[in-house]
Amino acid sequence: MPVPQRTYKLASDRLRAYLRTHNMRPSRVRNMVLERACQLPQPFTAAQLEEACLSERISTATVYNCLRLFTMAQILYAVERQRGKGVMRYALISASPVRMEFICDKCGRVTEFQDQAIVRLIQERKFINFTPRQYSLFVYGECRVCRKIKD
Ligand SMILES: [Zn+2]
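Just so you know, these numbers come straight off a predicted model, no measurement behind them.

A. The arrangement of the coordination of the zinc ion in detail. Here the zinc ion is held by Cys104 (SG), Cys107 (SG), Cys143 (SG) and Cys146 (SG), and the distances to it run 2.3 to 2.4 Å. Around the zinc ion, the four donor atoms are arranged such that angles at the metal cover 108 to 112 degrees; this shape is classified as tetrahedral. When the donor residues of the zinc ion are listed from N- to C-terminus, their spacing reads C-x2-C-x35-C-x2-C. You can see Cys107 sitting in the loop between strand E4 (98–104) and strand E5 (110–113) and its partner Cys143 sitting in the loop between strand E6 (135–141) and helix H6 (144–150), a full 36 residues away along the chain.

Below, the structure written as structure tokens:
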């Protein structure tokens, strides 16, 4: 699968900025793990990322270190809604200040979507005691696949 270039570029820019401000050196292995994370369907588990890195002989410890680093660098976020199922999943933080997701109640599938009308509506809203930085909108329901199974 080709790397979604825009996604990878945004992620690697964020990583570079984070490393610079924390006096850490860039590493080839880390960039490879990041590239794999961008290629995976979102959200993904640590095990899925580990499997995607197998061909590069990247160790489990490195994959977990990268996950922690990428989360701190605001490249990935932990999808906490899946905690009840016991497995932590990770997803890339999108470029948009408004993150919108469809979440299927049946299979747990998370699909990011964009709706400019909603984005405008949310961003135009002013709050007296709060300056927003990022928004999340979770829409729960039934995905196309699960709906098909039922039909
Ligand atoms: Zn579903």
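Once you've had a look at it, read on.
B. Structural context of the sheet that holds E4. Pairing is mixed in the open sheet, where three strands are placed in the order E5-E4-E6. Each edge of the open sheet is held by one strand with a lone partner, namely E5 and E6. On average, each strand axis in the sheet is tilted by 25 degrees relative to the strand beside it, whichever way the strands run. Where E4 lies against E5, four bridges are found, and the strand directions are antiparallel. What sits directly across from Phe102, in E5, is Thr111. On the sheet, helix H5 (residues 116–124) packs against E4 and E6 and is oriented at approximately 125 degrees with respect to E4.

The rules behind these values
Residues numbered from 1 in each chain as written. Predicted model: local features only at pLDDT ≥ 70, side-chain atom pairs only at ≥ 80, totals over all residues. Heavy atoms only, no water. Donors = N, O, S within 2.8 Å, 3.2 Å for Na, K, Ca; no water. Tetrahedral: all angles 85-135°; square planar, octahedral: opposite > 155°, others 65-115°. Helix = DSSP H or I, 4+ residues; strand = E, 2+ residues; numbered from the N terminus. Pairing = 2+ DSSP bridges. Axes fitted to C-alpha atoms, helices over the stretch in contact; angles between N-to-C directions. Contact = heavy atoms within 4.5 Å.

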